[in-house]
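Below, each chain spelled out in residue letters.
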Amino acid sequence: MASVAFNHVTKKFGDTSVLNGLDLEVADGEFLVLLGPSGCGKTTALRMVAGLESPTTGTVAIGGSVVNDVAPQHRDVAMVFQNYALYPHLSVAKNIEFPLRQRDISADIRAQKVRDVAQMLGLAELLDRKPRQLSGGQRQRVALARAIVREPVCFLMDEPLSNLDATLRARTRSEIVRLQHELATTTIFVTHDQVEAMTMGDRIAVLNAGDLQQVGTPTELFENPANAFVAGFIGNPGMSLLSANASQGQLAIGGTQTPFSASGLNGAVTIGVRIDGVELSSSGIAAICDGVEVLGAEVHVLAHLGDDQIIVRQGASAPRPKIGEQIFIQLTTEPLYFDAVTGLRVSQ
Amino acid sequence: MTTVRQRRSETVLALCLIAPALVLLTVFLLYPFFKNFTLFLYHAPPYPGLPSKWAGFSQFFDTISSTSFLEGLTATAIYTVLVVPIGVFLGLVLSVAAHQKLKGMAIYRTIFATTAVSSVAVAAIVFGTFMNPVLGLLPWLGIDTNPTILQNPTWAIFAMAIIGLWQFIGLSFILFSAGLQSLPEEVLEAAKLDGASPAKAFFTVTIPLLSPTIFYVFTVGVIAAMFTFGQMDLLIGPGAASAVHVNTLAYQIYQYVVTQPNPGVAACISIALFILTAIVTLANFRFLERRVNYDV
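Residues numbered from 1 in each chain as written. Chains lettered and ligands numbered in written order. Predicted model: local features only at pLDDT ≥ 70, side-chain atom pairs only at ≥ 80, totals over all residues. Heavy atoms only, no water.

Caption draft 1: Examining empty space enclosed by the protein more closely. The final tally for this structure, using the stated rule, is two cavities of 30 Å³ or more. If you add up the space inside the largest cavity, you get close to 50 Å³. Leu144(A), Ile148(A), Phe155(A), Met157(A), Ile176(A), Leu179(A), Gln180(A), Leu183(A) and Thr187(A) are the residues that line the largest cavity. When residues of the lining of the largest cavity are traced back to their parent elements, those giving at least two are α4 (136–148), β7 (154–158) and α5 (166–183) of chain A. If you tally residues by element for the lining of the largest cavity, the top one is α5(A), at four residues. Per-class residue counts for the lining of the largest cavity are seven nonpolar, two polar and no charged. Taken as a whole, the second largest cavity holds about 40 Å³ of empty space. Lining the second largest cavity, in full, are Ala78(A), Met79(A), Ala143(A), Arg146(A), Ala147(A), Ala190(B) and Asp194(B). For the lining of the second largest cavity, the elements supplying multiple residues, two or more each, are β6 (77–80) and α4 of chain A. (1 Å grid on protein atoms, 1.4 Å probe; cavity = no way out; pocket = protein on both sides within 12 Å on 5 of 7 lines; lining within 4 Å. Points joined across faces, edges and corners; volume = space filled by probe spheres on them. Helix = DSSP H or I, 4+ residues; strand = E, 2+ residues; numbered from the N terminus. Nonpolar A, V, L, I, M, F, W, Y, C, P; charged D, E, K, R; others polar.)

Caption draft 2: Quick peek at the domain arrangement of chain A. Residue and element names in this part refer to chain A. By domain assignment, chain A separates into domain 1 (4–232) and domain 2 (237–339). When each unit is reduced to the centre of its C-alpha atoms, the spacing between domain 1 and domain 2 is 38 Å. If you look at the interface, domain 1 gives seven residues, while domain 2 gives six residues. Across the interface of domain 1 and domain 2, roughly 580 Å² is buried in total on both sides, 66% from carbon and sulfur atoms. Counting the surface domain 1 buries against domain 2, the share from its top three residues, Phe222, Ala228 and Ala231, is 63%. For the pair domain 1 and domain 2, the number of links is zero salt bridges. (Domains from an automatic or database assignment. Contact = heavy atoms within 4.5 Å. Buried area = accessible area lost by both parts, 1.4 Å probe. Salt bridge = Lys/Arg side-chain N within 4 Å of Asp/Glu carboxyl O.)

Caption draft 3: Layout of the sheet that holds strand β14 (residues 267–273) of chain A. Residue and element names in this part refer to chain A. Pairing within the open sheet is antiparallel, and its five strands lie in the order β13-β12-β11-β14-β20. Looking at the sheet topology across the chains shown, the edges are occupied by β13 (256–257) and β20 (336–339). Bridge count for strand β11 (residues 240–247) against β14 is seven bridges, and the pairing is antiparallel. From the neighbouring strand, Asn245 faces β14, where its bridge partner is Ala268. (Pairing = 2+ DSSP bridges.)

Caption draft 4: The arrangement of the environment of Thr63(B) in detail. All names here are of chain B. Residue position: Thr63 is located in helix α2 (residues 58–64). It is 27 Å that separates the C-alpha atoms of Thr63 and Val220, two residues lying 157 residues apart in sequence. Those residues in contact with Thr63 that lie beyond four places of it in its chain are Phe69, Val265, Cys268 and Ile269.

Caption draft 5: Layout of the pattern of salt bridges. All names here are of chain A. Here the structure, examined in full by the defined rule, presents 14 salt bridges over all chains. Of the charged contacts in the structure, one is a salt bridge between Lys42 and Glu159, with a shortest N-O distance of 3.8 Å. Taken together, the residues Lys42 in helix α1 (residues 42–50) and Glu159 in the loop between β7 and α5 connect sequence positions 117 residues apart. On the basis of relative accessible area, Glu159 is assigned to the buried category, the value being 10%. (Buried < 20%, exposed > 50% of the residue type's maximum accessible area, 1.4 Å probe, protein only.)

Put into structure tokens, the structure is as follows:
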């Protein structure tokens, strides 16, 4: 096991900049999730730890040693790929054994380790099968077994759950977390799914357009987002971001006064509102209904105010607004404030 | 009613679409193929216009037991054995080398692939010049050129094989390059991360994944080699001292059709060559395809 550190890492593909000076430390034994939308640079960062990409500038260190010039096979990291990347011509047993065969490990010990890991992941009955004879979930477990069996210093997981159906994904999610706690191996897990990030990571590093937005525990990111991007990305649903105006101790949205003072702020401001900080009412801030999502016990009303979108929760039995109908909302808790231009959180 | 009419018009359309391919296939493949079976049953007349004489199977058995047929068979076998395994190996090595992400690789790729699109006439001129006893490279390299390599009964077939190899490497290179590019990148990366050295990853992952391409190149190469005669005709010809050693079966067919016409014998050799090629190809499928992995 080892820590992993990115020290001002940049990566360019031709003229396209993918990572812009990433500084990030992953502690020994930690489960860190790299979270962000497609193209934000999270997979590139992961591949740099694996040695499959080289930084344009900056260093990547594993266990305190810079590994920029170390070949992937000598880094002692294991990677679980999005498409599993199993060896199609080898049986499950041989797939799991493959990394052990590359080292000087006797056949007896290899067989024992394969048996143990297969047992741990419920693959004991499938050892003679070829990957094409397995379901997606089984393939995923073989990929995990192949990573675990060699006891690497670090696990790298590149969206390993994205090809699984929703039920299997939820089950595999908790299985990975359980295994990681059991093995206490440093893990970097890449995903664009904030639910995975929130439920799995000890800490989450949010990336956007090659820039690290914020690093923190799931709770820190949820409660204290550093900027509007993190606020909008974290949470299910994310925060609704609205343009507002603060003036003379009064916060107004779309010309309608709110009960909040926004003290210390003046002029245009972006506010962040969680779904439980806003409700439908008979008067207040006017918005136009864009749709209604029925989720069972509750209903989400999607609406817009000018160019801004907002989601409001409604009881399952309440009368539902129609698309295009004017609705009124009011804030029930003080929102978070972000700079209208930079999107950075502003403290009052 | 509408359905019947609709079905009929679909059938007409289907026939129209198939027609061009069917015509080409019939004229250039099916007709010659079946005509061959009628030719081999008759002795060719001594002069054109005279009636052909029924020979039955005797002409075929006489032909395949003749010395010249056995010499042709030997030349064809030696040529195939020299060209195909080395061509497959070198094509694979070059394609792996050119698959590396290095600067200027596009130039090398173009150079390696060029031989596949060069005609045998061009290849014969290039190598004929190299092997020329006065102008060529051999005297310069200190190799005895008396008799010249093309006239030398021992070495002439090797000279022919070098030309065939030069051409086959281009095809082999192109097919292997395409095969390498279609391999799943993640699986090769997984092998690296699992600790496999480049050589070990090549033999334990790349080669098994590439085995369908290897099998295809080998099979196509064998078939092509068994039908070679271009360089033999262009550089050596029937009267040379080394002629009997390079008279491949395909070259004999050519001679019995063009230079000393005897369609009956030509048909017998072509049927024998067809049967031989079929046997070798079936053997390839029977013994080599077992080791091919089609799982990707």
